[in-house]
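Read off the chains here:
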Amino acid sequence: MSIETIESDEVERGKAVGSSMQRREDRPLITGEGQFTDDLKYPREVQLVILRSRFGHATITDIDTSEAEAMDGVLAVYTEEDILASGLDNTIPGDGGQDHTAPVDRHLLASQKVRYQGDPIAAVVAKDRYTGHDAVDAIDVSYERLDMVTDIQDALQKDAPVIHEEAPDNVAFEWSSGNADETLASFDDAEEVVEVDLSINKVVAVPMEPRAAVAQYRPAAEELIVDLGCQSVLGVQDHLSGVLGVPEQRITVRAPEVGGGFGVKAQPYTGHILAAWCAMQLERPVKWQATRSEAFVSTNHSRRHDLTARAAIEDGRIVGLHVDSTADVGGYLTSGGAGVPSGAFGTRLLGQYDIPNAFVEVTGVFTNTTTLSAYRGAGRPEAAYVIERLANACARELGEDPLEFRRRNFIEPDQFPYETPFGSGYDSGDYEKTLDKALEYVDYEAFRERQAEAREEGRYLGIGFSNYIEICGGGAGGLQGGQLRIHPSGKVVARSSLVENGQGHATGFSQIVADELGVDIDDVDIVAGDSDRVPEGGGTGGSKAITMGGNALKEGAKKLRERARAIAAHELEAATEDIVFDDGEFHVAGAPSRSMTIEDVASVAYSGNLPEDIRGLEETTFFSPEGSTAPFGTHVVIVEIDPESGELEIDRYVAIDDVGTQINPKLIEGQIVGGVVQSIGQAIYEDAIYDDNGNLLSGTLQDYAVPRAKHVPEIEWDSTVTPSPNNPLGAKGVGEAGTIATMPAIVNATIDALEPLGVDHIDMPLTQERIWRTVQEAQEE
Amino acid sequence: MFPNKFDYVRATSVAEAIDLLEEYADADTEILAGGHSLLPTIKSGLASPEVVVDISGLDELAGLEIGPETTTFGATTTYADVLHTDGVYDAVPDVAETVEVIGDRQVRNAGTMGGNLAHADPASDLPAVVVAADATIQIQGPDGERAVPASEFFIAMYTTDLGPSELITAIEVPNVGDDEGATYVKKKSPSSGYAMVGVAARLRTDGDSIEAARLAANGAFDHAQRLEAAEDALVGATVTDDLAATAAGAATDGVEEWELMDDIQVSSDFRGQLLEVYTERAIQQALDRVGVAVSA
Ligand SMILES: Cc1cc2nc3c(=O)[nH]c(=O)nc-3n(C[C@H](O)[C@H](O)[C@H](O)COP(=O)(O)OP(=O)(O)OC[C@H]3O[C@@H](n4cnc5c(N)ncnc54)[C@H](O)[C@@H]3O)c2cc1C
């Protein structure tokens, strides 16, 4: 199904939701009018450059900054001492020190010790970046190198180097969830136990725009203004206030255009906090723009797990699931560093299957590598990978077709809302439906015939399925503000704290608001990304813009419509109950000629002559959903593999996704395609590789293979619609779905292709060399 | 990312460029042609020249001429110039095909034939094809002009036969005859796009058997090298269905594992395997092409 877009002026009043309206975000981006952080230039602006550790693990015995300080054009050189002298404690928020996590701090600048290549040590502020970089090179750091450990298994060895004294065994956290006793017992009685050992590769998030910030301080007013590409202006306001001690209400955080967030622009980092601190010290605008190489070592990495997953099987059904995992957190516990590989991963492990007993244990481990945290999908791609690899292994073990096995184990439509042993709820679902639809695209029987014929000719085709769920879109108790104002002119402005990172929020929000108010879509403007101009609420992440932000605006608009109805009643001298709203007009029931458009109402709404309780058309609504949403789908991949060269070709990629009610199908398709591409990267190409000295070897785009257009097949997308009962729109999250679905489909297809060569397991990434080696080893056995 | 300061001089003739190189002989000088190897090298801090002599504007070095026997490429001819010239696919299909798979469009618009060879990146594409085609590198320096066979030009990683004040002025490539088949096949690194392995082949047949064979690889060794054992397996052999596979099996004969490049994407062990696979593909494609016109 190929989705055609329409122009906004072709959208009929009241029918915006569901239409594939063109993204309103694109024009400034395509014409070059869009301003990213580094495009902003302020008078007297100076440049911050950060000195980062060359080594993975070392004690710092001395930092000599004298030569750097003496350089022309250098305004200041700062180290930990200067931060402490300013009254700060030199720590930034992280996941350390919780009940189940090690009491380990993160530092703005290193405190006597560095724990990964890229750990920030000192900061130079200079009149330009050339000078700044020269000055950074002129800082003389005396390191005493320590033994280091970059792999989680090595870090858990008895004699492993200790990264934090507070965590002598290198354990960063220990976490478990599920009904342990019942689960372990189910294995004792099981007819069959199927086990897979999986090693999930570490990936680097590579947003097009590396992190950046420009900060200004107005000493007289004690105001701090920070522009930065981020996911949450209010979140950044929060941690700037917490670290710097500036009252929140005096901090303005603005996100200009953001060149991709993907979860890694959600956390506090040294770069932007230090820019703000330097601006306060120097009372000048201070800008920091990471280079690509700096981004590689300092922006969070993600997803590294080594695990064993076991299924207890009876009558062809999984009755017990046990996952025991070790996860990498990197050199420190950053924010999300413990949360992502534990709860966000562990409680999603059931996938689409009705499994009564499940237990997951995760041990987080410090290594001398860049910190790990959320990256698009945040734990859920890993979870989907585990259960979908295991599902295939179960089918193989039982000697049955992977689809037959899946269908038997699916949660049935009448089991929703479904409660998992991890305590997480699925709102709604119909898993057969997306699978059936996928099979309308891919003729499974015909493929199996083609596969058999190809094998005769020595060609290796394989098919892989991924039947995924995710849990996203906010949850019960979550809160999101939406603010609306209908100006006297009838034009509408809607405000939300959810920062645009490329998703198309403004397009989707405007569709929702326009329909609720019965106005033209081009009469609705969206304001986001400015802490001074938006209501309280969350940041972008966890696929919740539409489910939280969209619903907040929908509910707000509904309230405004009711207010407008009351004003219309007042003006038309009728009872409010007698006023009917349709096609964007209020009229008196039974007397359609006595009518007012919402614009007419707006023109009289701001008048002291109206009764007080119906004056003005402004509304701030705080929305909280009934619960989270569980989008789902079926992705099917057909690959062809040349065992001689290890080359893998994706012949077909079919994605069928159910994200509930669709606001804009084209935006959904775009999110799915983008997500799929990102996981094609992890599945086939990407790997953050460190050498034994803690150097990130894959630290440039020359060496780290983010998929290019030529690596990506056509992605055939279609959908089913199972609305969520948990929010008024009936929408589910979509931003991460594609990323979650893809990896197991590709790996399952690869194993299917290589099965006649004796292959029943392979880890990611599926590089040519790995495929070739796996075949070689299978042949030797 | 942030290069050190350097002096920039724009040469107005080859003679002046050579004079400038002589004049600054004591300094660390670099020639700037398309800049698509030099600038990344400078930006990443791997090179830090004091003087950069720009030859990119020299008309006398630009352009190509397709003669009856040979095609001559001026050193500053860009890849895009090559691809936009009528007749190159007829005359030297292997060179055209190589240039086509270098980098992306921006790289092909800027990078030059001479720059590629002079830089001698082991993973560059052009070296193998000039070696297999038995091309001649024309060089000019303070002592005048000289010509070097391509197979003697590349010495080691980033190291060529060029003297400190010498320039490549042109590359002469013999045209492919009717009784010949020529090709270049490449496995691109998924990240850099450079050759993980690239194999160029030129074969001459009398219809039944191979009369002459030249094979060369880049990406595999520290510099472009002929695959002599595989060539030997071809010359005199009767063309059969499995000839390519058999001869390609010899591509790694006599090659020690340490001679093969080893990096995070491809180990030396697997590189040997890729070399055989791509040698087979190159031989097969060259054979299929004897007497067949190749087009863009
Ligand atoms: C993103 C990217 C992708 C690329 N992908 C590929 C690829 O797939 N395959 C590939 O082969 N290449 C690739 N390249 C390299 C590209 O082809 C370069 O253009 C080429 O290697 C150098 O040519 P240049 O004209 O740009 O030389 P420059 O960068 O200007 O010079 C390179 C070196 O050669 C010397 N030099 C230049 N001209 C002469 C001359 N006439 N005589 C003597 N010395 C000279 C210079 O002093 C310098 O040391 C890529 C480059 C980039 C940036």
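Every value quoted in this text rests on a predicted model; they were computed, and no experiment measured them.

How each quantity is defined
- Residues numbered from 1 in each chain as written.
- Chains lettered and ligands numbered in written order.
- Predicted model: local features only at pLDDT ≥ 70, side-chain atom pairs only at ≥ 80, totals over all residues.
- Heavy atoms only, no water.
- Helix = DSSP H or I, 4+ residues; strand = E, 2+ residues; numbered from the N terminus.
- Rg over C-alpha atoms; globule rule 2.2 N^0.38 Å.
- Contact = heavy atoms within 4.5 Å.
- Areas by Shrake-Rupley, 256 points an atom, 1.4 Å probe, with all protein chains shown as cover.
- Lys, Arg positive; Asp, Glu negative; His and termini not counted.
- Charge placed at Lys NZ, Arg CZ, Asp CG, Glu CD.
- Axes fitted to C-alpha atoms, helices over the stretch in contact; angles between N-to-C directions.
- Parallel < 35°, antiparallel > 145°, perpendicular 65-115°, else oblique.
- Left-handed = near helix turned anticlockwise from the far one by under 90°.
- Nonpolar A, V, L, I, M, F, W, Y, C, P; charged D, E, K, R; others polar.
- Polar contact = N/O pair within 3.5 Å; in protein donor to acceptor, adjacent residues only side chain to side chain.
- Pairing = 2+ DSSP bridges.
- Near = heavy atom within 4 Å.
- pLDDT = per-residue confidence, 0-100.
- Buried area = accessible area lost by both parts, 1.4 Å probe.
- Salt bridge = Lys/Arg side-chain N within 4 Å of Asp/Glu carboxyl O.
- Patch = residues over 30% accessible without salt bridge, like charges linked within 9 Å, V, L, I, M, F, W, Y side chains within 5 Å.
- Buried < 20%, exposed > 50% of the residue type's maximum accessible area, 1.4 Å probe, protein only.
- Arc of directions from axis to C-beta.
- Phe/Tyr/Trp six-rings, centres within 6.5 Å; stacked < 30°, edge-to-face > 60°.

Section: the overall build of chain B
Of the regular secondary structure elements, chain B holds twelve helices and 14 strands. Taken over C-alpha atoms, the radius of gyration comes to 19 Å for chain B, in line with the 19 Å a tight globule of 296 residues would show. Dimensions of chain B along its principal axes, counting C-alpha atoms only, are 60 × 45 × 35 Å. Within chain B, counting contacts between residues at least 6 apart in sequence, those at least 24 apart form 62% of the total. On chain B, roughly 12500 Å² of surface is accessible, and the fraction owed to carbon and sulfur atoms is 45%. Placing the 16 positive and 52 negative side-chain charges of chain B at their respective mean positions leaves the two points 8 Å apart.

Some remarks on the packing of helix H18 (residues 665–685) of chain A against helix H19 (residues 737–754) of chain A
All names here are of chain A. The interhelical angle for the contact between H18 and H19, taken along N-to-C directions, is 40 degrees, at an axis separation of 7 Å. When the interaxial angle is binned, H18 and H19 end up oblique. The two elements H18 and H19 meet at a crossing, and its hand is right-handed. Across from Ile672, Gly675, Val676, Gln678, Ser679, Ile680, Gln682, Ala683 and Ile684 in H18, the residues of H19 making contact are Ala737, Gly738, Thr739, Thr742, Met743 and Ile746. When its residues are assigned to classes, the contact of H18 with H19 shows eight nonpolar, seven polar and no charged.

Structural notes on the side chain of Thr739(A)
Residues and elements named next belong to chain A. Following the sequence through the fold, Thr739 ends up in helix H19. Among the polar contacts listed, one links the side chain of Thr739 to the side chain of Arg376, at a separation of 3.4 Å. Setting aside residues no more than four positions away along its own chain, Thr739 makes contact with Arg303, Arg376, Pro381, Gly675, Val676, Gln678 and Ser679.

A word on the sheet that holds strand E26 (residues 579–582) of chain A
Residues and elements named next belong to chain A. Taken in spatial order, the three strands of this open sheet run E26-E27-E28, and their pairing is antiparallel. Each having just a single partner strand, E26 and strand E28 (591–597) make up the two edges of the open sheet. Across the sheet, the axes of successive neighbouring strands diverge by a mean angle of 35 degrees, strand direction being ignored. In the sheet, E26 pairs with strand E27 (residues 585–588) via four bridges, with the strands oriented antiparallel. Note on E27: the bridge partner recorded for Ile579 is Val588. Set on the sheet, helix H16 (residues 545–572) makes contact with E26, E27 and E28; between it and E26 the angle comes to about 130 degrees.

A few points about the packing of helix H20 (residues 768–780) of chain A against helix H12 (residues 268–289) of chain B
Following both chains from N to C, one finds H20(A) and H12(B) inclined at 90 degrees, their axes separated by 11 Å at the closest point. When the axes of H20(A) and H12(B) are compared, the pair comes out roughly perpendicular. For the pair formed by H20(A) and H12(B), the contact residues are Gln768(A), Glu769(A), Trp772(A) and Arg773(A) on the first element and Asp269(B), Phe270(B), Gln273(B) and Leu274(B) on the second. Looking at the contact of H20(A) with H12(B), its residues break down into three nonpolar, two polar and three charged.

Things to note about the pairing of strand E2 (residues 29–32) of chain B
Examined bridge by bridge, E2(B) and strand E3 (residues 51–54) of chain B share four bridges and lie parallel to one another. Bridge pairing in E3(B) places Glu30(B) opposite Val52(B).

Regarding the site of the ligand
All names here are of chain B. Near the ligand, the surroundings consist of 30 residues, among which Gly35, Ser37, Leu38, Tyr79 and Thr112 are the closest. Here an oxygen atom of the ligand sits 2.6 Å away from a polar atom, N or O, in the side chain of Tyr79. A distance of 3.2 Å separates an oxygen atom of the ligand from a polar side-chain atom of Lys186. About the coverage of the ligand: the protein hides 90% of its 960 Å² of free accessible area. Its residues assigned to classes, the shell around the ligand shows 15 nonpolar, twelve polar and three charged.

Comments concerning the confidence of the model for chain B
This prediction gives chain B a mean pLDDT of 95; 98% of its residues lie at or above 70. Under the prediction, the complex receives an ipTM of 0.95, its pTM being 0.96.

Concerning the sheet that holds strand E23 (residues 480–486) of chain A
Hydrogen bonds between backbone groups are what pair the strands of a sheet, and the pairing can be parallel or antiparallel. All names here are of chain A. Taken in spatial order, the four strands make up an open sheet running E25-E24-E23-E29, and their pairing is mixed. Looking at strand neighbours, the two that pair on one side only are strand E25 (524–527) and strand E29 (618–623), the edges of this open sheet. Going across the sheet, the axis of each strand differs from the next one's by a mean of 20 degrees, ignoring polarity. Here four bridges tie E23 to strand E24 (residues 492–495), and the two strands are oriented antiparallel to one another. Counted as the bridge partner of Ile486 is Val492 from E24. Running at roughly 135 degrees to E25, helix H15 (residues 505–517) makes contact with E23, E24 and E25 of the sheet.

A few points about the interface of chain B and chain A
Many structure descriptions define interface size as the accessible area lost when the parts assemble. Facing the 23 residues of chain B at the interface are 25 residues of chain A. Summed over both partners, the interface of chain B with chain A comes to about 1900 Å²; 58% of that surface belongs to carbon and sulfur atoms. Considering only the surface of chain B that becomes buried against chain A, Phe2(B), Ile264(B) and Phe270(B) emerge as the three largest contributors, covering 35% of it. For the interface between chain B and chain A, the tally reads four salt bridges. Remark: the boundary between chain B and chain A carries 13 residue pairs in polar contact (both at pLDDT 80 or more). Among the elements of the structure, strand E11 (180–188) and H12 of chain B are those that each provide at least two residues to the side of chain B that touches chain A. Among the elements that take part in the side of chain B that touches chain A, H12(B) stands out by supplying seven residues, more than any other.

Section: a negative patch on the surface
All names here are of chain A. Negative charge collects at one region of the surface, where Asp62, Asp64, Glu67, Glu69, Glu81, Asp82 and Asp140 lie side by side. Breaking the negative patch down by element, the ones donating at least two residues are strand E2 (58–64), helix H2 (66–70) and helix H3 (80–85). By secondary structure assignment, the location of Glu81 is in helix H3. By relative accessible area, Glu81 is classed as exposed at 63%.

A few points about the pairing of strand E22 (residues 460–469) of chain A
All names here are of chain A. Burial runs high along E22: ten of the ten residues are buried. Sheet analysis places E22 next to strand E30 (residues 632–642), joined by ten bridges and oriented antiparallel. Across the sheet, Ile463 pairs through a bridge with Ile638, a residue of E30.

A few points about the environment of Asp64(A)
All names here are of chain A. Turning to its location among the elements, Asp64 is positioned in strand E2. Note: C-alpha distance between Asp64 and Asp140 (76 residues apart in sequence) is 4.9 Å. For Asp64, the contacting residues outside a window of four places in its chain are Ala138, Ile139 and Asp140.

Considering the side chain of Ser628(A)
For Ser628(A), the location among the structural elements is in the loop between E29 and E30. Sequence-distant contacts of Ser628(A), defined by excluding residues within four places in its chain, comprise Gly425(A), Asp427(A), Ile471(A), Cys472(A), Gly474(A), Gly475(A), Ala476(A) and Asn726(A).

Here's the deal with helix H6 (residues 180–189) of chain A
Residues and elements named next belong to chain A. Every buried residue belonging to H6 is among Thr183, Ser186 and Phe187, and all of these are buried. All buried residues of H6 project into a common sector of 100 degrees when viewed along the axis, lining one side. Turned more than 90 degrees from where H6 packs its buried face, Asp181, Asp188 and Asp189 sit exposed.

Quick look at the pattern of salt bridges
All names here are of chain A. Taken as a whole and assessed by the stated rule, the structure comprises 54 salt bridges over all chains. Close ionic contact of Lys127 with Asp128 constitutes a salt bridge, the shortest N to O distance being 3.1 Å. Arg459 is the salt-bridge partner of Glu640, the closest N and O atoms lying 2.9 Å from each other. Of this pair, Glu640 sits in strand E30 while Arg459 is found in the loop between helix H14 (444–456) and E22, placing the two residues 181 residues apart along the sequence. Classification of Arg459 as partly exposed rests on a relative accessible area of 35%. A cluster of three or more residues bridged by salt bridges with shared partners is formed by Glu516, Lys554, Arg561, Glu562 and Arg565.

Considering the packing of aromatic side chains
Residue and element names in this part refer to chain A. Scanning all chains against the criterion turns up 14 aromatic pairs over all chains. A ring pair is formed by Tyr78 and Trp277, whose centres lie 4.7 Å apart and whose planes are at 75 degrees; its orientation type is edge-to-face. With a gap of 199 residues between them, Tyr78 in strand E3 (residues 74–78) and Trp277 in helix H8 (residues 270–282) connect regions that are remote in the sequence. Measuring from centroid to centroid gives 4.6 Å for Phe581 and Phe586, while their planes differ by 40 degrees, and the two rings are tilted. Just as Phe581 is buried, Phe586 falls in that class too.

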